Amino acid sequence: MKVLKGLDVASFAHPDDQAVMKALASSNLNNIIEQVSDIGTRYKMEMQLMGMYVRLNREDMPELYQILEEVCRTLDYPKHPIVFMYRNKAFDWQIYIGNEPVIILTDYVLNEFDFEMLRFHLGCAVTALKASTSQVRVASKFALPFVLSIPIIGQAAAPLLTKWSRAAALTEDRGGLLACQNEKTAWRYMMRRCGIPLEMIDESIVSEYLAEYKPVNEISSVSKLILQLDRLEPWQNERFIQLFQWYNSGAYADILEDY
């Protein structure tokens with residue numbers, strides 16, 4: 001596993017995510033967002049940590065923490081996140097940045113993923129923690145209902161927020177691939193998230209599988225655009241396509257070579 005010393009998330013970010021990173025880096029807006037989002041999310045997240053989630057210690061799951069430490073080292077993230085878990089049948093993770101960074105997993109993920117798929121999954125979360133937009137990422141999950149409630153301004157701002165959030169998820173998928181450095185693991189992870197049972201997954205048919213995912217006509221394309229206006233996450237098949245295309249473009253190999 002190649003350690004990507006000095007890795008900058010902006011170097012492999014999706015263009016829409018990269019644009020936001022550059023805008024925040026060139027102004028004091030990021031500091032303001034961090035302060036506001038911290039006020040807005042700290043209380044709610046800490047209540048959830050106490051009331052809904054279970055903290056996993058190294059003694060509880062040493063293999064999990066070993067994988068997490070390897071992922072942090074590979075992506076050059078110097079901190080040591082704490083892991084929490086909650087009961088939910090979803091392929092999900094959350095992050096929280098307080099006194100210490102926190103990654104929240106579902107029990108479903110821990111039961112369904114093998115160690116290499118878990119490495120990809122944790123790579124996505126660590127990428128989100130490492131990104132300069134991490135506080136915005138946390139706040140977006142809590143802020144969208146509030147943004148949508150603002151007359152006129154909210155309706156105009158929400159599509160910009162959700163478009164960026166979907167792009168950030170695509171960046172995190174790239175970070176997952178860089179963390180596991182195994183494209184077959186990435187395809188297996190994506191196919192499982194698409195709903196294919198583990199025993200039926202065949203990485204050799206990825207091209208054929210993705211070729212089947214295309215809008216039937218222009219009407220369906222417009223419908224998809226409308227339906228995703230309030231979506232913070234991209235469609236799962238779209239995530240798969242985007243990661244597959246990024247890998248095949250040579251950008252993934254360039255990152256490994258550059259670092």
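Residues numbered from 1 in each chain as written. Predicted model: local features only at pLDDT ≥ 70, side-chain atom pairs only at ≥ 80, totals over all residues. Heavy atoms only, no water.

Colleague: What am I meant to see in the overall build of the protein here?
Modeller: On a plain count of helices and strands, the protein comes out with 12 helices and 4 strands. Relative to its 259 residues, the protein shows a buried fraction of 47%. Contacts spanning at least 24 positions in sequence make up 71% of the contacts within the protein whose residues lie at least 6 apart. Just so you have it, the protein exposes about 13,300 Å², and 57% of that area is on carbon and sulfur atoms. (Helix = DSSP H or I, 4+ residues; strand = E, 2+ residues; numbered from the N terminus. Buried < 20%, exposed > 50% of the residue type's maximum accessible area, 1.4 Å probe, protein only. Contact = heavy atoms within 4.5 Å. Areas by Shrake-Rupley, 256 points an atom, 1.4 Å probe, with all protein chains shown as cover.)

Colleague: Just to check I follow, could you spell out the side chain of R239 for this structure?
Modeller: Tracing the backbone shows R239 in helix α11 (residues 236–248). According to the relative accessible area criterion, R239 is buried, its value standing at 6%. Among the polar contacts made by the side chain of R239, one reaches the side chain of D173 at a distance of 2.5 Å. (Polar contact = N/O pair within 3.5 Å; in protein donor to acceptor, adjacent residues only side chain to side chain.)

Colleague: Can you walk me through unusual backbone geometry in this structure?
Modeller: Residues apart from glycine generally show negative phi values, whereas peptide bonds are mostly found in trans. Despite not being glycine, D76 has its phi angle at roughly 55 degrees, a positive value. Residue placement: D76 occurs in the loop between α3 (62–74) and β2 (82–86). Phi is positive for Q181, which is not a glycine, with a value near 50 degrees. Along the chain, the position of Q181 falls in the loop between α7 (153–180) and α8 (183–193).

Colleague: Would you take a moment to explain the packing of α3 against helix α5 (residues 115–130) for this structure?
Modeller: The description of two packed helices rests on the angle between their axes and on the distance between the axes. Two numbers describe how α3 lies on α5: the axes approach to 9 Å, and their chain directions differ by 55 degrees. As the angle between them shows, α3 and α5 are arranged oblique. In the packing of α3 onto α5, the handedness of the crossing is right-handed. Only F115, L118, R119, L122, G123 and V126 of α5 make contact with α3, whose side of the interface consists of E63, L64, I67, L68, E70, V71 and C72. Taken together, the residues that form the contact of α3 with α5 break down as 9 nonpolar, 1 polar and 3 charged. (Axes fitted to C-alpha atoms, helices over the stretch in contact; angles between N-to-C directions. Parallel < 35°, antiparallel > 145°, perpendicular 65-115°, else oblique. Left-handed = near helix turned anticlockwise from the far one by under 90°. Nonpolar A, V, L, I, M, F, W, Y, C, P; charged D, E, K, R; others polar.)

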